[in-house]
Amino acid sequence: MERPRHQGMAKNTYMRWRLPLVCLLWEVAMIVLFGVFVRFGAEADAHWEEEKREMNLTSDIENDFYFRYPSFQDVHVMIFVGFGFLMTFLKRYGFGAVGFNFLLAAFGIQWALLMQGWFHSFKNGKILIGVENLINADFCVGSVCIAFGAILGKTSPIQLLVMTLFQVTLFSVNEYILLNLLHVKDAGGSMTIHTFGAYFGLTVTRILYRPNLEQSKDKQGSVYHSDLFAMIGTLYLWMYWPSFNSAISDHGDAQHRSAINTYCSLAACVLTTMAFSSMLQKKGKLDMVHIQNATLAGGVAVGTSAEMMLTPYGSLIVGSISGIVSTVGYVYFTPFLESRLHIQDTCGIHNLHAMPGLIGGIVGAITAAAATEDVYGKEGFIKAFDFTGVYQARTPSIQGGFQAAGIVVSLLMAFAGGAIVGGILKLPIWGDAAAENCFEDEVYWEVPEDEESDAYHMHNPDKPASP
Amino acid sequence: MERPRHQGMAKNTYMRWRLPLVCLLWEVAMIVLFGVFVRFGAEADAHWEEEKREMNLTSDIENDFYFRYPSFQDVHVMIFVGFGFLMTFLKRYGFGAVGFNFLLAAFGIQWALLMQGWFHSFKNGKILIGVENLINADFCVGSVCIAFGAILGKTSPIQLLVMTLFQVTLFSVNEYILLNLLHVKDAGGSMTIHTFGAYFGLTVTRILYRPNLEQSKDKQGSVYHSDLFAMIGTLYLWMYWPSFNSAISDHGDAQHRSAINTYCSLAACVLTTMAFSSMLQKKGKLDMVHIQNATLAGGVAVGTSAEMMLTPYGSLIVGSISGIVSTVGYVYFTPFLESRLHIQDTCGIHNLHAMPGLIGGIVGAITAAAATEDVYGKEGFIKAFDFTGVYQARTPSIQGGFQAAGIVVSLLMAFAGGAIVGGILKLPIWGDAAAENCFEDEVYWEVPEDEESDAYHMHNPDKPASP
Amino acid sequence: MERPRHQGMAKNTYMRWRLPLVCLLWEVAMIVLFGVFVRFGAEADAHWEEEKREMNLTSDIENDFYFRYPSFQDVHVMIFVGFGFLMTFLKRYGFGAVGFNFLLAAFGIQWALLMQGWFHSFKNGKILIGVENLINADFCVGSVCIAFGAILGKTSPIQLLVMTLFQVTLFSVNEYILLNLLHVKDAGGSMTIHTFGAYFGLTVTRILYRPNLEQSKDKQGSVYHSDLFAMIGTLYLWMYWPSFNSAISDHGDAQHRSAINTYCSLAACVLTTMAFSSMLQKKGKLDMVHIQNATLAGGVAVGTSAEMMLTPYGSLIVGSISGIVSTVGYVYFTPFLESRLHIQDTCGIHNLHAMPGLIGGIVGAITAAAATEDVYGKEGFIKAFDFTGVYQARTPSIQGGFQAAGIVVSLLMAFAGGAIVGGILKLPIWGDAAAENCFEDEVYWEVPEDEESDAYHMHNPDKPASP
């Protein structure tokens, strides 16, 4: 069942030497860099027995592992199963969705451990890692998974690896500017992960614009069971989002609060998404695209403010609005972006991550600006915003301003970075497929030759009907 | 591929204004009520720093978040993936199973936070919430998911939302009567969740009896892959059930014990289910319906007693019996209920939740009545049954009597509530489908138009064969 | 859609009395043995209030439940969803893969609680169980799931139960020799679980060699969606493997370190697997078999050493190598094993578990032999290797030697045990299918009769085309 390759603009998608070379060289580089730089942090090192005594810790349960490991595992599931399966909705790109997401994320977390380590965990020439670093690496890769959503089906695995390399780098720089220079709070990453990741991906897909993509239009849809596979991704993202937004918050009340706010926001988001999905369609039927995606906007939109005293009803409001904005986006903005701005956004990340991410940044700025000692308590106020040391004099309104600045910086980094990386990915050496072969697993994968899979190939005129 | 609507009893299933109206109005109501009533509990509030000092807590790890959050996430998965995917077994109702479960649960948890909050967490005019409230809201919604199983495929999303509104309300009243007035123990909800939820749902489906349902008989079965999707639901329910039954037990040994008892009961249940599934079928083959459902009866049946000193062998006995009862139910009772009592129970909740729930209530009553200070220890005995304050004088046998009373109350509430709610749902304004369109996603969902999905439509005479 | 049974070597696969008899008798035996032997351990017993006081524990959070329960649940998912769905890749054996895995694991954990309990938790005539016993039971069953992979599709459920009974027994003996007599460290089970389980399974499948298996060759492949189902298994194994390797490590730094090492090893493994999968195929395309399996070798290969000071870069090296070895195995060794050694290894467990397990044992021996007080700290060194009591005088190099001995013992036990059990399973009384009916769910399961499933039966000449 070899696909005919002699079609019009056939491109060289042969991966046999290029993909292995990139994977192996980069893995060797990771080993060398890890060898030079990465060591266990104090809480993961066998010397911890002594450390514990010095720090007067009476119990092993004080190890950060027990505060964060369950959340880490939830985040891990979101990155690999959540994002991976969310993108399996395409009828013939399930292998690519899950498999390439797996590849880029596995590379990305290694590179993120290094990049983020140099910025945040560097001590005496070594990067000291613990469970919080693992979570942050997963977070960083989350922004690449988001960008992947915009170019899904149109890029080669090598392009994805190249994008991951650059995006992780830029993510870490942007994150450093926000968290360390601007002293911005963004525990759930509305700005650093979603806004940055989405606008980065949208810029890349704009530069990789394919004018003839309608040639593979028949493969851009879903089939019944691929929509169910995608719901696995949706639900795991939805269910574990409280862990995502609380994973690196301060121990105690902050983690607790983040989880509650996110839970509330996501619940509200489902209702407004369902409402608008039905309302915006003539026949009043629900659209799986909205249910799969817009229901998650509520998690994105409280990413910055979840650990603040947003309050449960505040979360409901934010979640409700973001569900509406996201669903409206799928119906009206996505077609507009494609036809007018030539932004081909396969998964609609503009609706799920970009706009809700902006909402999240803005809500975070407002919530911070509105903070009072009365609401937080004297100590809680200082702890929540880390108003210590050089930041002792910051007031809520100033913090709000810096939060807003964080949005702008993230946007600028995303546009500039996306433009550069998009340009690199446009080079004709990476093995991407021709327009008529987009959204098709057979280009890069061995696909089982069977009756059922034949059924999908109805539009392939070269193939005789099955016996 | 528009479905012909001009069939005999075609009904108005147009959702465009009704569904959005209900979703949006109710979400606004939630926002207002949350605004008036819901605030963070002490452990999720930024004032916790001061609280900690007052309570002499030396570590953040004493926050209830760390005792219960991992279990909460497991329960969350059970409600949304577990119940959602368990019901995807129907060949053409996967979207409805997962999607409507998502909708009703997302609304239900908000309303449950309020209802249960007023009864259990109301302090100075505010409902103070923490992770335990989130778990309880999920539990409450679990009972709605169970009832959904009885009417799966036969109701409109609006009917489901209406049912959720009422059922959550009644659940909370029943739970209050049991836990607060009767002072009954029921951590895993054999009575409050399963018995109540199942008999409520069975009463509703009785009242909504559809005499012509055999018109959609061809869609009531599964296909090969839909059975595998359903196994995802089954396994997540099965694996996480130890978290379900232990999630709100007392800290320490009680949570530990609940998990062990449930683990044992479920393991035994699988073996007896397999045995009877093979034995009750002429050809001796296993039936996926039994494996998907009856294997879970062991979790239901130790819901009340798991946190008691049921002992591992006691759990094996309970699990074994419930697997047998449940499988026998699928083979003999379900057809009987349908033909004689006109109870059309799509998922067989009578076998998975109703009968095992009753077993659970009875086992709980017996286990409580058999408790001795010798087995529990003096302090453990008082702690396990909360024999303090006004309940100081309760003896195990009296407690056993109250436990038994809890079963009866739950049954009465379920029958009465189900009858009233069933009557409301029978009004011809909610947009449910005609009998021949039951178990069919196309009524309420945009379904992808593709070859594969065409294959399912063999029985639709109006459609020409695919080219 | 009754399958014709009058084919050449048709065998009696009728399960109606045999399977129920085995299941019920064995469950009764479990109940009796649990009744005689199994009780709650101190931390799960209602007497814990008193225990806590005696041990001067100030908080319920010191209960081992809170140290291990989240990891336990992850391991539980790996056994039931991970292994179960990993094996659903076959186009017509999804029910058997998930369902029989469910059956054997549910029985196995009960028997393992007893066997391991007698060896490790026996006190005053009783086996005292807690969460660590549950994890160990799941681990033990993991080795049976591995062996199941070699004989997948070729055995009856009774054969699987018989194998489970014997393998759990032998596993426990082998584990006792390694952990207690040789005083070997193997927290993630490279030797006890993977090496033992895989070579046991390979020996069994060698003895059950079916010369005519090419008669069912058409069913040994996958279809598009079955490959996606298998990826669910893969990803859950991959994501939760850090929990697997850290689940029973010492509290504190050891658990923390195990998780980090495993995370690193697995990430590296994905890249080298992708590289070699593309490189070893003429067309340079990726093969789902490799992605589904070889990406997991990194978790197996650090099973012994993860809790040691392997260091993150050491983990990357081990993970990289094991990904290569495993992928090369799928391409070259599996066909060789089948054609020359008559080892028919359905899932390729030789590549995923046997070779990486050996690597894991060797890496563990080397890492132990290379340990120094400088690297571990004085106290950490003693704690990590348990060099106390009679083992006080052990040096790292001696420990390394014992570790190596552990590999040899595991291999010997696997070969000897596998030969005996294979011989037992060869008896013609267990109801296994004829060669032409292997890899076919219809033999033991009620399979839905529908259009879609008919599509699979193209090679069945006796069946008329569907109308």
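Scroll up to find the structure.
Note that the structure is predicted; figures quoted are calculated from it, not measured. (Residues numbered from 1 in each chain as written. Chains lettered and ligands numbered in written order. Predicted model: local features only at pLDDT ≥ 70, side-chain atom pairs only at ≥ 80, totals over all residues. Heavy atoms only, no water.)

**Considering the overall build of chain A**
Here is the rule we go by: In this text, helices come from DSSP runs of H or I with a minimum length of four residues, and strands from runs of E with a minimum of two, each type numbered from the N-terminal end. Only C-alpha atoms enter the radius of gyration, while the globule expectation follows 2.2 Å times N to the 0.38, with N the number of residues. Burial classification: accessible surface area is computed with a 1.4 Å probe over protein chains only, and a residue below 20% of its type maximum counts as buried, one above 50% as exposed, and the rest as partly exposed. Throughout, a residue-residue contact means that at least one pair of heavy atoms, one from each residue, lies within 4.5 Å. Per-residue and other accessible areas follow the Shrake-Rupley method at a 1.4 Å probe size, with only the shown protein chains counted as cover for residues.
Regarding its fold elements, chain A presents 17 helices and three strands. A compact globule built from 467 residues should have a C-alpha radius of gyration of about 23 Å, and chain A, at 23 Å, falls within 12% of that. Referenced to the eigenvectors of the C-alpha coordinate spread, the extents of chain A come out at roughly 75 × 55 × 35 Å. For chain A, buried positions account for 70% of its 467 residues. Across chain A, every contact between residues at least 6 apart in sequence was considered, and the portion connecting residues at least 24 apart equals 82%. When the accessible surface of chain A is totalled, it reaches about 13,700 Å², and 64% of it is carbon and sulfur.

**Description of empty space enclosed by the protein**
To be explicit about the condition: Space inside and on the surface of the protein is sampled on a 1 Å grid over the protein atoms alone, with a cavity defined as a set of points where a 1.4 Å probe fits but cannot get out and a pocket as an open set with protein on both sides within 12 Å along at least 5 of 7 lines; lining residues have an atom within 4 Å of a point. Grid points are joined across faces, edges and corners, and a volume is the space filled by probe spheres set on the points.
Taken as a whole and assessed by the stated rule, the structure comprises 16 cavities of 30 Å³ or more. Roughly 230 Å³ of internal volume is contained in the largest cavity.

**With respect to the sheet that holds strand β3 (residues 126-129) of chain B**
All names here are of chain B. Our working definition: A pair of strands counts as paired when DSSP detects no fewer than two bridges linking them.
The sheet built from three strands is open, its strands ordered β1-β3-β2 with mixed pairing. The sheet is open, and its two borders are formed by β1 (38-40) and β2 (122-123), each paired with just one other strand. The sheet contact formed by β1 and β3 spans three bridges and is parallel. Bridge pairing links V38 to I127 in β3.

**What about the relation of the copies chain A and chain C?**
Our working rule: A least-squares superposition brings the copies together, and it is based on the C-alpha atoms of residues with pLDDT no lower than 70 in both.
For these two chains of identical sequence, chain A goes onto chain C by a turn of 120° and a shift of 0.0 Å along the axis, with RMSD 0.0 Å. The two molecules are tied by a three-fold rotation axis, judged by turn and shift. Taking C-alpha positions as reference, the residue of chain A nearest the rotation axis is P70 of chain A, located at 3.6 Å. Looking at chain A, a mere 13% of its interface residues are interface residues in chain C too, so the copies touch through different faces.

**Focus: a nonpolar patch on the surface**
Short version of the rule: Each patch groups residues whose relative accessible area exceeds 30% and which form no salt bridge, using 9 Å between like charges and 5 Å between nonpolar side chains of Val, Leu, Ile, Met, Phe, Trp and Tyr. The term salt bridge refers to a pairing of a side-chain nitrogen on Lys or Arg with a carboxyl oxygen on Asp or Glu at a separation within 4 Å.
Taken together, the side chains of V28, V32 and V36 of chain A define a hydrophobic patch exposed on the protein surface, amounting to about 240 Å² of accessible area. Position of V28 of chain A among the secondary structure elements: in helix α1 (residues 18-37).

**As for the relation of the copies chain B and chain C**
Mapping chain B onto chain C is achieved by rotating through 120° and translating by 0.0 Å along the same axis, at an RMSD of 0.0 Å. Taken as a fraction of all interface residues of chain B, those also at the interface in chain C reach only 14%, which identifies the copy contact as different-surface.

**Regarding the sheet that holds strand β3 (residues 126-129) of chain A**
Residue and element names in this part refer to chain A. Here three strands make up an open sheet; going across it, the order is β1-β3-β2 and the pairing mixed. Where the open sheet ends on each side, the last strands, each with one partner, are β1 (38-40) and β2 (122-123). One ladder, built from two bridges, connects β2 with β3; its direction is antiparallel. Considered in β3, the bridge of F122 is made with I127.

**Regarding the interface of chain A and chain C**
Note the following rule: Buried area is calculated as the accessible area (1.4 Å probe) missing from two parts once they are joined, with the contributions of both summed. Polar contacts, as used here, are pairs of N or O atoms within 3.5 Å; protein pairs need one atom able to donate a hydrogen and one able to accept it. Residues neighboring in sequence count only if both atoms are side-chain atoms. Polarity classes work like this: nonpolar for Ala, Val, Leu, Ile, Met, Phe, Trp, Tyr, Cys and Pro, charged for Asp, Glu, Lys and Arg, and polar for all others, with Gly in that last group.
With 83 residues of chain A in contact, the opposing surface of chain C contributes 76 residues. Roughly 7,000 Å² is buried in total at the junction of chain A and chain C, and carbon and sulfur atoms are behind 70% of that figure. Inspection of the region where chain A meets chain C yields two salt bridges. We note a salt bridge from R53 of chain A to E379 of chain C, for which the minimum N-O separation is 2.8 Å. Put simply, chain A and chain C have 30 residue pairs in polar contact (both at pLDDT 80 or more) between them. Of all the elements in the fold, those that place two or more residues in the side of chain A that touches chain C are α1, β1, α2 (48-54), α3 (64-86), α4 (94-120), α5 (131-151), α8 (224-246) and α17 (451-455) of chain A. By residue number, the principal contributor to the side of chain A that touches chain C is α4 of chain A, which donates twelve residues. Across the side of chain A that touches chain C, the residue classes break down as 50 nonpolar, 13 polar and 20 charged.

**Remarks on the pairing of β3 of chain B**
Of the two faces of β3 of chain B, the one lined by I127 and I129 of chain B is fully buried and the one lined by K126 and L128 of chain B carries no buried residue. The antiparallel pairing of β2 of chain B with β3 of chain B creates a hairpin that spans two residues between the two strands, and N124 of chain B there sits at a positive phi of about 50°.

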